[in-house]
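A look at the structure
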Amino acid sequence: MYVKKIKLKNFRNYDDLELDFNEKVNIFVGDNAQGKTNLLEAIYFTSIGRSFRTNKYNELVKFDRDFSRVYTEIVKKDFENTVEILSGRDSKKYIKLDGVKIRKTSELLENLHIVIFSPEDLKIVKDEPERRRKFIDRELCQISPSYYDNLGNYKKILLQRNNYLKENYIDPEILDIWDLQLSKYGKAIIAQRREFIEKINLISKEIHGKITDGKEALNIIYEPNVGENRDLYEEIKKSYSSDIRQRTTTKGPHKDDLEFFINGINVRSFGSQGQQRTAALSLKLAEISIIEEETGELPILLLDDVMSELDSTRQEFLIKSLERVQLFITNAEISDKISEKFSEKTVFLVKKGKISILDSKENHKINH
Ligand code: ATP
Ligand code: MG
């Protein structure tokens, strides 16, 4: 699939923008703070109805304006469709799919699949567990609307339970109502995560092997906070007194993690920076395969400032692996050496919320 067109109104630093994309490679260059990442954010917003930078939709509205509008046209194997999202200063949002308002954001999810790759993703192995959980959640939400719903319910109940734990008097029977609900959604989340991580492990192992000429065997292991042979409900019950003492929920998938191993050695503790980056790259590329496998469509890929962070071997590998995917690449500058590697491409210049075409090579073919 690919994004054919975007229209923005009052989105971040854009007033009115209408842009046709190259169905292969779109490169955005320009100085800092001109709107490159804002444009990627807008595309991403029409994919899952959320931003990768903020949970506050009013931040997306241009300063001093009342609402923002993002509109994209998406081309798939057999049909085309459109997405439109209005967000207000009041942080409310309205989503239209093919012109019809949808009730739940999860109805949008199966429409446009996106993988985003930014310099922070290169640190996924080393960073805090929260980043790895976010990665799992983001990917699973894209391929599984039921996961999106389970996660939303789990988070809502977790918040309510944590608020209740902050009260002065705790009634065990009332707490048990939360416990039952929490363990119901929690168990579903753990099962879905386990299955997803097993898949991503197999695929990223293969990719990592190719990047390193077979010298390194990558293993990505799910580290659930409550393990396979234990019951989540029982574990939550057992942590009753420590939960009350700490006034928060101490057990459950909101504490899960991932562990990375190369040739049996823990990459977070002992891996070189290069190994950590290769593992992160393998993980990203594996994500693309999984989305294609699960949905039958290739996702689009957003590469925000990441090209210049990779050495030439990894750049080459990335470019070669992505020949079939529509790419959106931002970088302050893009060297001719990188640019030359793409035959079909449009290079755009982003300046103060306006975009112009610097160079364009398209191959007008009918079959996608
Ligand atoms: P860099 O190369 O540094 O990553 P960039 O081109 O990716 O830069 P963006 O993050 O896209 O930059 O844009 C940042 C600019 O957008 C900032 O100058 C910021 O003030 C502006 N901006 C962000 N949100 C809004 C908003 N709601 N209204 C108006 N302008 C905004
Ligand atoms: Mg940026």
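1. Notes on the sheet that holds strand E9 (residues 218–223)
Read from one edge of the open sheet, three strands run E9-E10-E11, paired in antiparallel fashion. Of all strands in the sheet, those with a lone pairing partner are E9 and strand E11 (265–266), marking the two edges. Sheet analysis places strand E10 (residues 257–262) next to E11, joined by two bridges and oriented antiparallel. Its bridge partner lying in E11, Ile262 is registered against Ile265. Packed onto the sheet, helix H4 (residues 172–211) meets E9 and E10 and runs at close to 170° relative to E9.

2. Remarks on the pattern of salt bridges
Applying the stated criterion to the full structure yields 36 salt bridges. Measuring nitrogen to oxygen at the nearest pair gives 3.9 Å for the salt bridge that ties Asp121 to Lys284. Note that Asp121 is positioned in the loop between strand E8 (114–117) and helix H2 (129–143) and Lys284 in helix H8 (residues 273–295), a separation of 163 residues in sequence. Each member of the pair, Asp121 as well as Lys284, is classed as buried. The salt bridge involving Lys199 is made with Glu294; its shortest N-O contact spans 2.6 Å. Note that Lys199 is positioned in helix H4 and Glu294 in helix H8, a separation of 95 residues in sequence. By relative accessible area, Lys199 is classed as partly exposed at 27%. Each of Arg161, Asp176, Asp179, Lys237 and Asp243 takes part in salt bridges that share partners, so that together they form one network.

3. Concerning unusual backbone geometry
Of note in the backbone geometry, Ser91 takes a positive phi value of approximately 70° without being a glycine. Within the secondary structure layout, Ser91 lies in the loop between strand E5 (80–88) and strand E6 (93–97). With relative accessibility at 28%, the residue Ser91 sits in the partly exposed group. Here the phi dihedral of Asp213 falls at roughly 55°; this positive angle occurs in a residue that is not glycine. Residue position: Asp213 is located in the loop between H4 and E9.

4. Topic: the sheet that holds strand E7 (residues 100–101)
The strand order E2-E1-E4-E5-E6-E7 describes an open sheet built from six strands, whose pairing is antiparallel. Two strands lie at the open edges of the sheet, namely strand E2 (16–20) and E7, each paired on one side alone. Inspection of the sheet shows strand E1 (residues 2–9) paired to E2 by five bridges, in the antiparallel sense. Paired with Lys5 across the strands is Asp20, a residue of E2.

5. Re the pairing of strand E14 (residues 345–351)
Among the seven residues that make up E14, five are buried, leaving the element largely enclosed by the rest of the structure. Pairing of strand E3 (residues 25–29) with E14, which is carried by five bridges, proceeds in the parallel orientation. What sits directly across from Ile27, in E14, is Val347. Pairing between E14 and strand E15 (residues 354–361): seven bridges, direction antiparallel. By the bridge assignment, Val350 is partnered in E15 with Ile355. Counting the residues in the hairpin turn of E14 and E15 gives two residues, including Lys352, whose phi is positive at 45°.

6. Focus: the pairing of strand E4 (residues 67–75)
A large share of E4 lies buried, amounting to seven of its nine residues. Here E4 runs beside E5; their pairing, made up of nine bridges, is antiparallel. Its bridge partner being in E5, Val70 is matched across the sheet by Ile85.

About the criteria used
Residues numbered from 1 in each chain as written. Chains lettered and ligands numbered in written order. Predicted model: local features only at pLDDT ≥ 70, side-chain atom pairs only at ≥ 80, totals over all residues. Heavy atoms only, no water. Pairing = 2+ DSSP bridges. Helix = DSSP H or I, 4+ residues; strand = E, 2+ residues; numbered from the N terminus. Contact = heavy atoms within 4.5 Å. Axes fitted to C-alpha atoms, helices over the stretch in contact; angles between N-to-C directions. Salt bridge = Lys/Arg side-chain N within 4 Å of Asp/Glu carboxyl O. Buried < 20%, exposed > 50% of the residue type's maximum accessible area, 1.4 Å probe, protein only.

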